[in-house]
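# Survey of secondary and tertiary structure
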Amino acid sequence: MSQIRLGVIGCGGMGQSHMGVFKENPKIKFTAASDSFQSNLDKVVSTYGVKGFTDGYELIKSGLVDAVLVATPHYFHPPYAIAAIQAGVHVLVEKPVSVTAKAAAEVDVVARANPHVKYAVNYQNRSLSRWSKVRQMIQAGAIGKIQRVHWTITTWYRTQAYYDSGSWRATWEGEGGGVLLNQCPHNLDLLCWLVGPPKRVTARIGVAKYHKIQVEDEVIAILDYDNGAMGTFVTTTGEAPGTDYFEIVGDKGKITLSPQTLGPLTIEWVSNEVSAIEFGRTTKATWATPPNCKHVITVPDTGGGVKAMHANFANAILEGEPLIAPGIEGIHSVEMANAMIMSGLENRPIDLPMDREAYETLLQGLIAKHKK
Ligand SMILES: NC(=O)c1ccc[n+]([C@@H]2O[C@H](COP(=O)([O-])OP(=O)(O)OC[C@H]3O[C@@H](n4cnc5c(N)ncnc54)[C@H](O)[C@@H]3O)[C@@H](O)[C@H]2O)c1
């Protein structure tokens, strides 16, 4: 096989933006589409000349696809992923893999039982050269033992008109969360990809603070890691101008990414000549800091993004290339989001892995409250 026959389930904004670039990949043949909203489906069927299905499960069983891309609202990602994997159809789900860690774990059980079927998640920021370089540097020990990570990511400003553009958006029943479930999955995924999931999350959240919505639109969280490192994560959809500032500090130095001030392809790396911890313990000087060296690294613009994810997904199926973002890794960012919401609402730290049943109960309570 030199080409995969791909179906898309969910023909809204993101589904159509994927479709727009399939033609750039000769290993992908777009053959079928599904949407529960007839006019969205009709538009895609007439534009691309593919077979249309109002029922995504019928598309999966149609025999017209080797793989599917799921770009529906998040709650439908797990049931479609499970149906596809069980049918032997490879699946690339949009982020987040699910609304709750419990639902993600259910998909993971099926995926692990069917390792011949590829299950990937569209965390396309992993394919950006600056993030893969930072990961490589951390793994190579460029900053030594991790002490602290921080990300202020408030460039997710959204208007009320955006929230009003889809009835599922920013509701507990339709979306299952706010900025943490829609905008920040990319950031939470990168944090987990770089340093692993934290062992404890403590958060303050603002619910409907800046918009007429049901869910959180502001978060400040403290993260505790197994090795004693600490982290802070700051986000909102209600601040403009926003800030995107990431730094990670180890005893041997610091890496900073600040696309707005350094540019999107620049990594600032300050390397300590000796461990700051060791230096502090051993120096006889009363006022001193360890000598260091500043490096400005420019990474190549390799493109990345959804095209890279399509290529990787097709290559994984056709040639066994390792997935950039295996679906089973998607649970970590979902669990961080769940833990931040629970911590914020219940005003207490949440240990990870969290009590996933308790989170389901909390979420169902929120859904019921807003139905009244
Ligand atoms: N990777 C990214 O950067 C990125 C960017 C935007 C959105 N997304 C993700 O893509 C998904 C869709 O977001 P969107 O902005 O395209 O939303 P959207 O509302 O524009 O599109 C969703 C589509 O799914 C359809 N749909 C709803 N329920 C369905 C069902 N059960 N079966 C089949 N179709 C169904 C809707 O009719 C709609 O056409 C979300 O999970 C979102 O997080 C990812």
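Anything mentioned here points back to the structure above.
The numbering scheme is per chain: residues are counted from 1 as the chain's sequence reads. Given that the model is predicted, a residue must reach a pLDDT of at least 70 before its local features are reported, and side-chain atom pairs must reach 80 or more before they are shown or counted; all residues, however, enter totals for whole chains, interfaces and linings. Neither water nor hydrogens contribute to the side-chain values; these are computed over all heavy atoms in the structure.

## Section: the overall build of the protein
- The secondary structure listing takes helices from DSSP runs of H or I that are at least 4 residues long and strands from runs of E that are at least 2 residues long, numbered from the N terminus. Counting its regular elements, the protein contains 13 helices and 15 strands.
- Principal axes of the C-alpha set define a box for the protein whose edges measure 75 × 55 × 40 Å.
- Across the 372 residues of the protein, 54% fall into the buried class.
- What makes two residues a contact is simply this: any of their non-hydrogen atoms within 4.5 Å. The long-range fraction of contacts in the protein, counting pairs at least 24 apart against all pairs at least 6 apart in sequence, stands at 67%. Each residue's exposure class comes from its accessible area (1.4 Å probe, protein chains only) as a fraction of the maximum for that residue type: buried when under 20%, exposed when over 50%, partly exposed otherwise.

## Brief notes about the nonpolar core
- Here, the term nonpolar core denotes a set of buried Ala, Val, Leu, Ile, Met, Phe, Trp, Tyr and Cys residues that are joined through side-chain atoms within 4.5 Å. Within the largest apolar cluster, 59 residues are counted, with the highest numbers of intra-cluster contacts made by Trp-131, Leu-180, Phe-233, Phe-246, Ile-255 and Met-340.
- When residues no more than four places from it in sequence are discounted, the contact partners of Ile-255 are Val-134, Met-137, Ile-138, Ile-143, Phe-246, Glu-247, Ile-248, Ile-267, Glu-268 and Trp-269.
- Counting residues in each nonpolar core, the second largest holds 30 residues, with Ile-9, Val-65, Val-70 and Val-97 among its members.

## Observations concerning the site of the ligand
- Whether a residue is near a molecule or strand depends on its heavy atoms: if one lies within 4 Å, it is near. In the region of the ligand, 25 residues are neighbours, and Met-14, Asp-35, Asn-40, His-74 and Tyr-80 sit closest.
- Here a polar contact is taken to be a pair of N or O atoms separated by no more than 3.5 Å, where protein atoms must pair a possible hydrogen donor with a possible acceptor and residues adjacent in sequence count only if both atoms sit in side chains. Residue Asn-40 places a side-chain N or O atom 2.6 Å away from an oxygen atom belonging to the ligand.
- His-186 places a side-chain nitrogen or oxygen 3.0 Å from an oxygen atom of the ligand.
- Here the open area of atoms and residues is found with the Shrake-Rupley method and a 1.4 Å probe, where only the protein chains shown may cover a residue. Expressed as a share of its isolated accessible area of 850 Å², the protein-covered part of the ligand is 83%.
- Going through the elements one at a time, helix H1 (13–22) and helix H4 (77–86) are the ones with two or more residues in the shell around the ligand.

## Re the pairing of strand S2 (residues 28–34)
- With respect to burial, S2 is a largely interior element, six of its seven residues being buried.
- When DSSP finds two or more bridges between a pair of strands, those strands are recorded as paired. Two elements, strand S1 (residues 4–9) and S2, share six bridges in a ladder whose sense is parallel. When the sheet's bridge partners are listed, Val-8 is paired in S2 with Ala-33.
- Crossover connection from S1 via H1 to parallel S2: handedness right-handed.
- Of the pairings in the sheet, the one linking S2 to strand S3 (residues 51–53) comprises three bridges and is parallel in character. Residue pairing in the sheet places Ser-34 in a bridge with Phe-53 of S3.
- The definition of a right-handed crossover adopted here requires that, viewed with the strands pointing away, the path from the first strand over the helix to the second runs clockwise. Handedness of the crossover is the feature at issue here: the chain leaves S2, passes through helix H2 (residues 38–48), returns alongside S3, and the resulting connection is right-handed.

## Side note on the packing of aromatic side chains
- Within 6.5 Å between ring centres, the rings of Phe, Tyr and Trp (the latter by its six-membered ring) count as paired, and their orientation is classed by plane angle as stacked under 30 degrees, edge-to-face over 60, tilted in between. Enumeration over the complete set of coordinates arrives at seven aromatic pairs.
- Between Trp-131 and Phe-246, the aromatic rings sit 5.1 Å apart at their centres with planes inclined by 85°, giving edge-to-face as the arrangement. Taken as a pair, Trp-131 in helix H6 (residues 129–139) and Phe-246 in strand S11 (residues 244–250) lie far apart in primary sequence, 115 residues in all. When sorted by exposure, Trp-131 lands in the same class as Phe-246, which is buried.
- Ring geometry for Trp-151 versus Phe-246: centroids 5.3 Å apart, planes at 80°, classification edge-to-face. Taken together, the residues Trp-151 in strand S7 (residues 146–153) and Phe-246 in strand S11 connect sequence positions 95 residues apart.

## Considerations on the pattern of salt bridges
- One side-chain nitrogen of Lys or Arg within 4 Å of one carboxyl oxygen of Asp or Glu is enough to make a salt bridge. Tallied over the entire structure, the rule returns 17 salt bridges.
- Glu-329 is the salt-bridge partner of Arg-126, the closest N and O atoms lying 2.7 Å from each other. Here Arg-126, found in the loop between strand S6 (119–121) and H6, pairs with Glu-329, found in the loop between helix H11 (306–319) and helix H12 (330–346); they are 203 residues apart in sequence, far enough to count as distant.
- On the accessibility criterion, Glu-329 (31% relative accessible area) is partly exposed.

## Description of unusual backbone geometry
- Note that the residue after Ala-240, namely Pro-241, is joined by a cis bond; omega there is 0°.
- By the secondary structure assignment, Pro-241 is in the loop between strand S10 (230–236) and S11.
- For the peptide bond that leads from Leu-352 to Pro-353, omega is -10°, which places it in the cis range.
- You can see Pro-353 is positioned in the loop between strand S15 (350–351) and helix H13 (356–371).
- Positive phi, normally seen in glycine, also occurs at Ala-208, with a value near 50°.

## Points about the sheet that holds strand S4 (residues 67–70)
- Judged by pairing direction, the sheet is parallel, and its six strands sit side by side in the order S3-S2-S1-S4-S5-S6 without closing on themselves. If you trace the sheet from one side to the other, it starts and ends with S3 and S6, each paired once. Going across the sheet, the axis of each strand differs from the next one's by a mean of 25°, ignoring polarity. Note on definitions: angles span 0 to 180 degrees between N-to-C directions of axes, and those axes are lines fitted to C-alpha atoms, for helices only across the stretch in contact.

## Some words on the sheet that holds S10
- Within the open sheet, the nine strands sit side by side as S14-S13-S12-S11-S7-S10-S9-S8-S15. Their pairing is mixed. Whereas interior strands pair on both sides, the edge strands pair on one side only; in this sheet they are strand S14 (292–298) and S15.
- With seven bridges connecting them, strand S13 (residues 266–272) and S14 associate as antiparallel partners. Its bridge partner being in S14, Val-270 is matched across the sheet by Lys-294.
- Against the sheet, H6 makes contact with S7, S11, strand S12 (253–257), S13 and S14, and its axis sits at roughly 170° relative to S12, the strand it touches most.
- Seen against the sheet, helix H8 (residues 185–195) touches S7, strand S9 (216–224), S10 and S11 and runs at an angle of roughly 165° to S7.

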